[in-house]
Structures are given as structure tokens and as C-alpha cells.
Amino acid sequence: MKTYLVTGGAGFIGSNFIHYMLKKYNNIKIINLDKLTYAGNLENLREIQNNPNYIFVQADICDKEEVENIFKKFNIDYVINFAAESHVDRSIREPEVFVKTNVLGTVNLLNIAKTYWETEKGFKEGKKYIQISTDEVYGSLGETGFFKETTPIDSHSPYSSSKASADLMVKAYYDTYKMPINITRCSNNYGPYQFPEKLIPLIINNCLNKNSLPVYGDGLNIRDWLFVEDHCKAIDMVINSGRLGEVYNIGGHNERTNINIVKTVISYIHDNVDSSVTEALIKYVEDRKGHDRRYGIDPTKIKKELGWQPETKFEGGIVKTIQWYLENKQWMQNVTSGEYQKYYEKMYLKHK
Ligand code: NAD
Ligand code: DAU
């Protein structure tokens, strides 16, 4: 029985990953370590909270004692580090916590895993540390070309620079100590349980409440969207078969402008939920500082080496996603009460 330490498992991708893994395997144990910041939500895991193969620990990845306790208590085989401050706009306002969690937290996990996994003869068999990174570490593309694993790191925002720093520390543990690691760099995810500070759930929520739909700049920035379950499948493949020390890019060649995403959501809600929701709600607002223009992943390596393919086409995935938010209005109501209101007002009031 393999034991996975999943950090940040109460967030968007981490919780989807835990659901995916517990559905796929009945012979694994998952320890979910999460600080439960504003982005962490145990409601995301309600269906599996009593699963005997699942244990939740509320802790900070920067906390040496708490992380050590987990390694003392359980024979951890894999660390999958999702835990992060993940929102670019927040990093522009408050960069420090991004360095703390994303860089120092990663180093703390690496150090403790190394202590427990390293022997005089090298690292124990079957252990691996997986860093869940992002395509944003590569910076911004022009109109052509794609990010490859060999594309130089050229991060711009405090968020992406903190993720890039963490990646370099993970690489250092491989290069220096031969610690078994992989780094994955995925494009923008969408799907259930995403916190509505991110574009797609924010637009869905605002459409349903008939609030204006803030589009940064000219709306022509491009992101490469992947359904979250396809990301989870890729991570599972990297854990099992990724070559040690390697980076794997994950993306499905699904590039869209932001305005196209916004209009797609409006159109579905207009046709299926409320015909009074129209493009009149769109509001072009001040651009994000240092806004990366285009992201686009070249997924050739993970396809060739591990046989990964995305299964969900965007047209189906976005409908599935909108329907999930429609069926889980209480979830949305819970996450948008309290702190969220303050954040939203701070971010968007000036645009109203
Ligand atoms: P999220 O913000 O939804 O979730 C982050 C989780 O980490 C939350 O549960 C939060 O409570 C937890 N956390 C934050 N600080 C912590 C700390 N100090 N100790 C322990 N737990 C802490 O993020 P997400 O969108 O699910 O992203 C997960 C990971 O995937 C991140 O590392 C992010 O950089 C990466 N990523 C995200 C995307 C995307 O499109 N969302 C794409 C590529 C990579
Ligand atoms: O590319 C992977 C990254 O994708 C992850 O590493 C990050 O954790 C994740 O947050 C995401 O970053 P983005 O900045 O691309 O995602 P976000 O949803 O914040 O924004 C998507 C695009 O939409 C971006 O160009 C900014 C724009 N936008 C966003 C918001 C919230 C708007 O136009 N209006 C908005 O209100």
C-alpha cells in the first residue's frame, strides 16, 4: 500500500486529485496536509471524509514540526506538493506570503522528505517528490511558438517568480543530492471546486448574480485551458512513470482569449438558465499589472514518454463545469461569504 502526502489537498486541483486517486485506487493511503487558507475548503472533500484510506491534517507546509510528525507517523512514499498561494492578482498586492509558502514551504518539504528518505546508500527505492508547478514560470509568448520543458524560465509576477524559485530548489535537490523528484508544469485548469477569484468561476458566479463581468485590458490575452481531471490523470502518470529529475509540461492545445471564455459562459447561461444574462454585462476594466499576453504548452514530451492524452474537449468540459456550479449553489454561497466580499470589493469596487 503506497502512502501519499498530498499538500494543499483542500484547494481546487488538490481536492480534485484526491477524488480522482481514491476513485481509481483502493489500495492507497492519502494524507492531506492543508493549512486551510481562504482557498482551502473541506467541503470539497465531504464525500470522502470518512474514507478509511484518507486522513486530513490541518497544518502549514512551512511548519517543520508538523511536517516531521507526519513523516514519523506514516511511511510516506510520495509527496505531491499542491500547496501554494495561487492567485496572480493577490501576489501583485501582497507578495511576501507567496515567498513564504511557495518557496520556503517547498524547501521545508524537500528537507524533511530528504531526511526521512536518504540512507547511506542513497535514497530508498520507490520514493518520489512531485512539485506541482505552472506554465507561468516560462513567462509570456508572442503570437507563435509554445512552451517546451527546455524554454528558459522567465517569470514575471510575484506568483510565477515564487513558483519558479521553488522549481529551481526542487531541481537543486535532484542535481545536488540525487533526490528522486519530478516537476510538472500545467496550463490553466478549469472545473469543479475552483475558488471564484479565478476567471471562469468568477464569471459564472457574476452571471448568476447579474453582476458586471470584469475583463482585464483588451480581453485578448490568451490562456491554454485544461479540464482539471485531465491534469490529475497526468500527475498520476508522472508519479508512476516519470523519469527521475525530469520536468513534464501538461496542456491540451486549447488556447482561448479571455473574451472568448467570457462570451462562452454568457452564451450558455443565456440559453439554458436566464435569458436576461447578455454581453451587456461585460465590463472592460484596468489591465492587470505586468499581464502575461499568451500561454501555450507543448505537451509532446508527456504524450510520447508517458502516453498522456487529455480526454475532455473544452466544449464539453465547460458545460460540465457550469452545470457543476449550477448544481452547487450552496458551495458558491459558502465560499463567497465573509472574506471573499472584502476581497471582491477591494479588487473591483473601483471598476463598478
Ligand atoms: P488553490 O489556491 O485552489 O489551493 C491551494 C491550497 O493550498 C488551498 O487548499 C490552501 O489552503 C493550501 N495552502 C496554501 N498555503 C498553504 C500552506 N502554507 N500550507 C499548507 N497548505 C496551504 O490552488 P490550485 O489552483 O488548486 O493550485 C494548486 C497548485 O497547482 C498550486 O501549486 C498552483 O501553483 C498549481 N497550478 C495551478 C493551476 C491552475 O490553473 N489553478 C495551473 C497550474 C498549476
Ligand atoms: O497558467 C497556470 C496558472 O493559471 C496557474 O499557475 C495559476 O495558479 C492560476 O491562477 C492561473 O493564472 P491566471 O492568472 O492565468 O488565471 P486567472 O483565472 O486569474 O486569469 C485568467 C485570465 O483572465 C488572465 O489573463 C487574467 C484574466 N482575468 C482574470 C480575472 C480574475 C480577467 O480578465 N478578469 C478577471 O476578473
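What you see is a predicted model, and the numbers here were worked out from it, not measured in a lab. (Residues numbered from 1 in each chain as written. Chains lettered and ligands numbered in written order. Predicted model: local features only at pLDDT ≥ 70, side-chain atom pairs only at ≥ 80, totals over all residues. Heavy atoms only, no water.)

1. Quick notes on the overall build of the protein chain
Rules: Labels follow the DSSP assignment, with helices taken as runs of H or I lasting at least four residues and strands as runs of E lasting at least two, numbered in each case from the N terminus. Only C-alpha atoms enter the radius of gyration, while the globule expectation follows 2.2 Å times N to the 0.38, with N the number of residues. Partly exposed residues are those whose accessible area sits between 20% and 50% of the maximum for their type, while under 20% is buried and over 50% is exposed, using a 1.4 Å probe and protein chains only. Any pair of residues with heavy atoms lying within 4.5 Å of one another is described as a contacting pair.
Tallying secondary structure elements over the protein chain gives 12 helices and 14 strands in all. Expected size for 352 residues packed as a compact globule is a radius of gyration near 20 Å; at 20 Å, the protein chain falls within 12% of this value. In terms of principal-axis extent, the alpha carbons of the protein chain reach across some 65 × 45 × 40 Å. Residues counted as buried form 56% of the 352 residues belonging to the protein chain. Across the protein chain, the fraction of contacts at a sequence separation of at least 24, relative to all contacts at a separation of at least 6, is 83%.

2. Concerning the site of ligand 2
Our working definition: For each residue, the test is whether any non-hydrogen atom lies within 4 Å of the molecule or strand; if one does, the residue is near. Under this definition, polar contacts are N or O atom pairs within 3.5 Å; protein pairs additionally need one hydrogen-donor-capable and one acceptor-capable atom, and for neighbouring residues in sequence, both atoms have to be side-chain atoms.
Taken together, 23 residues are adjacent to ligand 2, and Thr-134, Asp-135, Tyr-159, Arg-288 and His-291 come closest. Separating an oxygen atom of ligand 2 from a side-chain N or O atom of Asp-135 is a distance of 2.5 Å. Between a nitrogen atom of ligand 2 and a main-chain N or O atom of Pro-214, the distance comes to 2.8 Å. Of all elements in the fold, only helix H6 (199–209) and strand S10 (213–216) reach the threshold of two or more residues within the shell around ligand 2.

3. Looking at the UniProt feature "domain: NAD(P)-binding" (unreviewed entry) in the protein chain
How we decide: UniProt positions are given in the numbering used here, feature names are shortened, and annotations may be inferred rather than shown by experiment.
The feature "domain: NAD(P)-binding" (unreviewed entry), as given by UniProt, occupies residues 5–320 in the numbering adopted here. Segment residues 5–320 splits into 40% helix and 19% strand. End C-alpha atoms: 29 Å apart.

4. Points about the site of ligand 1
Heads up, the rule is: Methods summary: accessible areas were calculated by the Shrake-Rupley approach with a probe of 1.4 Å, and residue burial reflects only the protein chains presented.
Around ligand 1 sit 28 residues in total, of which Ile-13, Asp-34, Ser-86, Tyr-159 and Lys-163 are the nearest. Gly-11 places a polar main-chain atom, nitrogen or oxygen, 2.9 Å from an oxygen atom of ligand 1. Measuring from an oxygen atom of ligand 1, one finds a backbone N or O atom of Phe-12 at 3.0 Å. Contact with the protein chains covers 96% of the free accessible surface of ligand 1, which is 830 Å². In terms of residue count, the dominant contributor to the shell around ligand 1 is strand S7 (residues 128–134) (3 residues).

5. Concerning the side chain of Lys-301
Relative to the helices and strands, Lys-301 is located in helix H9 (residues 300–306). What makes Lys-301 buried here is its relative accessible area of 17%. At 2.6 Å, the side chain of Lys-301 and the side chain of Glu-246 are in polar contact. A polar atom in the side chain of Lys-301 sits 2.8 Å from the backbone oxygen of Val-247. With sequence-adjacent residues up to four places away left out, Lys-301 is seen in contact with Glu-149, Arg-243, Glu-246, Val-247, Tyr-248 and Leu-306.

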